[in-house]
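Given next are the chains, with one letter for each unit.
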Amino acid sequence: MNVIDRFLGYVKVDTQSDELTNLTPSTPGQMIFAQQLVKELIAIGLTDAEVDSNGYVMATLPANTDKELPTIGFIAHMDTSPDMTGHNVQPRIVEKYDGGDIVLCAEENIVLKTEDFPEILGYVGNDIIVTNGKTLLGADDKAGIAEIMTAMEYLIANPDIKHGKIRVAFTPDEEIGQGADHFNVEKFGADFAYTMDGSDQGIIEFENFNAALAKVTFKGRNVHPGYAKHKMVNALRVANQYAIMLPRWETPEHTEGYEGFYHLVGCEGSVEKTTLTYIIRDHDRDRFERRKKEFSHLVNKINKEFPGCASLDIRDQYYNMREMIEPVMHIIDLAKEAISNCGMEPKVEPIRGGTDGARLSFMGLPCPNLSAGGMNFHGRFEYISVQVMQNAVNVIVEIAKLVANK
């Protein structure tokens with residue numbers, strides 16, 4: 001089966017994750033998909049294919065050479081983002097894209113416009129897979145799964161290509177930050193691995209944000225508004241005062257590259273009690289720590305004006321994997337060489353987010369991220385190039401070949 005047929009089948013399985021269930025996997029669709037993938041892994045000839053009780057799929061492509069080689073791994077996640085429904089995904093291929101706007105749903109006037117998403121102009125002449133404008137596509141990260149599966153099948157069908165032992169894993173709940181929670185690194189047994197979870201082709205990512213989640217709660221005092229002078233403390237207004245004390249330009253919509261930010265992701269409240277939920281992000285560890293201290297400083301400032309009003313709950317989520325990758329930079333050089341050999345220009349870029357690979361790197365499995373090819377993740381305008389997906393398959397195969405030949 002080719003990578004496109006696989007992908008078009010995978011996206012029709014609803015695997016949207018849900019952080020509110022407190023289960024692993026967080027939704028039943030992920031376990032259904034995991035069981036489907038195990039059957040496919042067995043059918044194409046991998047060994048040790050299994051899914052555990054938490055929905056983690058692992059399998060082995062045995063070495064076909066007697067040379068002592070490192071065991072490499074390839075990892076992708078099964079879930080899709082909670083930000084947009086993944087139910088009843090209806091993909092469509094736009095053949096030989098001509099560079100114009102793409103109408104996703106004429107009835108509801110949903111159009112993928114080049115003005116809004118100019119990056120798509122880099123795919124003129126390619127075959128583009130899009131949605132019908134009513135769901136996300138699921139290229140994040142079912143493209144990665146399809147690419148890994150297709151590369152393994154190709155290596156099995158071409159035994160003249162020598163390779164060492166390769167381990168494959170498909171994980172649940174990456175989109176809600178829990179993809180590495182129950183990953184058994186020792187059982188996986190790889191010396192290093194790559195997540196196939198990046199966007200545009202040729203990209204290599206081994207730097208990601210340091211990340212924290214902060215909840216600032218404001219306790220108010222409600223009094224009849226007609227008699228509230230010098231008595232009422234409106235938690236909503238105090239929360240608003242706190243929010244505007246943070247730097248206006250250090251938000252996602254005003255930052256790029258290595259620039260960090262504060263991002264208000266939730267506001268829930270009333271006069272009596274209001275909670276602001278933020279995510280804090282920065283590639284630099286020192287700046288990251290200063291950002292967290294700024295939250296504490298502003299809470300203290302609020303409490304000087306409104307004693308006992310504000311409280312802070314802050315916890316780290318993950319860290320920049322760079323410090324874990326730098327001692328093993330040969331795995332980055334390996335990826336660069338593979339991408340170049342496949343006719344593309346390798347591009348090392350920082351991740352403005354996080355991946356399972358970041359946490360796995362701190363768990364003892366160095367795991368940078370490579371391109372799977374999807375664009376506009378987490379929304380109705382998600383798309384992916386057929387040709388880019390095939391290129392990703394080629395890169396996986398080339399990495400296996402290079403490890404055996406070195």
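Up top is the structure these notes are about.
Residues numbered from 1 in each chain as written. Predicted model: local features only at pLDDT ≥ 70, side-chain atom pairs only at ≥ 80, totals over all residues. Heavy atoms only, no water.

**Q** Teacher, can you tell me more about the overall build of the protein chain here?
**A** On a plain count of helices and strands, the protein chain comes out with ten helices and 18 strands. The C-alpha radius of gyration computed for the protein chain amounts to 23 Å, which stays within 12% of the reference 22 Å derived for 406 residues, consistent with globular compactness. C-alpha extents for the protein chain along the principal axes are approximately 85 × 50 × 40 Å. For the protein chain, the proportion of its 406 residues judged to be buried stands at 53%. (Helix = DSSP H or I, 4+ residues; strand = E, 2+ residues; numbered from the N terminus. Rg over C-alpha atoms; globule rule 2.2 N^0.38 Å. Buried < 20%, exposed > 50% of the residue type's maximum accessible area, 1.4 Å probe, protein only.)

**Q** For this particular structure, what's the right way to read the packing of aromatic side chains?
**A** By convention here, two paired aromatic rings are described through the distance between centres and the angle between planes. Inspection of every chain in the model, using the stated rule, returns 13 aromatic pairs. Consider the rings of Tyr-278 and Phe-295, whose centres lie 5.1 Å apart with planes at 85°: the pair is edge-to-face. With Tyr-278 in strand E13 (residues 273–282) and Phe-295 in helix H6 (residues 285–305), this residue pair connects regions lying 17 residues apart in the sequence. Of the two residues, Tyr-278 and Phe-295, both sit in the buried class. (Phe/Tyr/Trp six-rings, centres within 6.5 Å; stacked < 30°, edge-to-face > 60°.)

**Q** Is there a simple way to explain the sheet that holds strand E17 (residues 374–375) in this structure?
**A** By way of backbone hydrogen bonds, the strands of a sheet pair with one another, either parallel or antiparallel. Ordered in space as E4-E7-E18-E17, the four strands form an open sheet in which the pairing is antiparallel. What marks the edges here is a single partner per strand, and that holds for strand E4 (92–94) and E17. Relative to strand E18 (residues 383–385), strand E7 (residues 128–130) runs antiparallel, the two being bridged by two bridges. Looking across to E18, one finds that Ile-129 is bridged to Ile-384. (Pairing = 2+ DSSP bridges.)

**Q** Before we go on, may I ask you to explain the nonpolar core in this structure?
**A** Soluble globular proteins tend to pack their nonpolar side chains together in the buried interior. In this structure, Phe-7, Phe-74, Ile-148, Met-152, Phe-170, Tyr-194 and Ile-399 are the most contacted members of the largest nonpolar core, which totals 68 residues. It is helix H10 (residues 386–405) that provides the largest number of residues to this core, a total of eleven residues. Once residues within four sequence positions are removed from consideration, Phe-7 is found in contact with Ile-129, Leu-137, Gly-138, Ala-139, Lys-142, Ala-143, Ala-146, Ile-384 and Met-389. Ranked by size, the runner-up nonpolar core spans 21 residues in total, among them Ala-214, Ala-235, Tyr-242 and Tyr-262. (Core = buried A, V, L, I, M, F, W, Y, C linked by side-chain atoms within 4.5 Å. Contact = heavy atoms within 4.5 Å.)

**Q** Can you walk me through the pattern of salt bridges in this structure?
**A** Side chains that differ in charge, positive against negative, can pair when their charged atoms come close. Counted by the stated rule, this structure contains 16 salt bridges. Note that Glu-323 is salt-bridged to Arg-285, the shortest N-O span being 3.6 Å. With Glu-323 in helix H7 (residues 322–325) and Arg-285 in helix H6, the pair connects residues that are 38 residues apart, well separated along the chain. A residue is classified by how much of its surface remains accessible, and Glu-323, at 44% relative accessible area, is partly exposed. Overall, Arg-285 belongs to the partly exposed group, its relative accessible area being 33%. (Salt bridge = Lys/Arg side-chain N within 4 Å of Asp/Glu carboxyl O.)

**Q** Before we go on, may I ask you to explain the sheet that holds strand E14 (residues 310–318) in this structure?
**A** Strand order in the open sheet formed by four strands is E12-E13-E11-E14, with antiparallel pairing between adjacent strands. Each edge of the sheet is formed by a strand with only one pairing partner; in this case those strands are strand E12 (261–269) and E14. Within this sheet the neighbouring strands show an average axis-to-axis angle of 15°, counted without direction. Both strand E11 (residues 210–219) and E14 contribute to a ladder of eight bridges, which runs antiparallel. Across the sheet, Phe-218 pairs through a bridge with Ala-310, a residue of E14. (Axes fitted to C-alpha atoms, helices over the stretch in contact; angles between N-to-C directions.)

**Q** Whenever I open this one, the packing of helix H1 (residues 3–10) against H10 confuses me. Can you help?
**A** Any two packed helices are characterised by the angle at which their axes cross and by the distance between the axes. It is at 10 Å that the axes of H1 and H10 come closest, and there the two elements cross at 110°. It follows from the interaxial angle that H1 and H10 lie roughly perpendicular. Handedness of the H1/H10 crossing: right-handed. Between H1, through Val-3, Ile-4 and Phe-7, and H10, the contact on the second element is made entirely by Val-386, Met-389, Gln-390 and Val-393. (Parallel < 35°, antiparallel > 145°, perpendicular 65-115°, else oblique. Left-handed = near helix turned anticlockwise from the far one by under 90°.)

**Q** Please clarify how the environment of Gly-100 should be interpreted in this entry.
**A** With respect to the helices and strands, Gly-100 occurs in the loop between E4 and strand E5 (102–105). Residue classification places Gly-100 among the partly exposed positions, given a relative accessible area of 24%. Separated by 21 residues in the primary sequence, Gly-100 and Leu-121 have C-alpha atoms spaced 8.3 Å apart.

**Q** I would appreciate a short explanation of the pairing of E12 in the present structure.
**A** Consecutive residues of a regular strand have side chains that alternate between opposite faces of the sheet. By the bridge criterion, eight bridges tie E12 to E13 in an arrangement that is antiparallel. Paired with Glu-268 across the strands is Thr-275, a residue of E13. A loop of three residues connects E12 with E13, the two strands running antiparallel in sequence.

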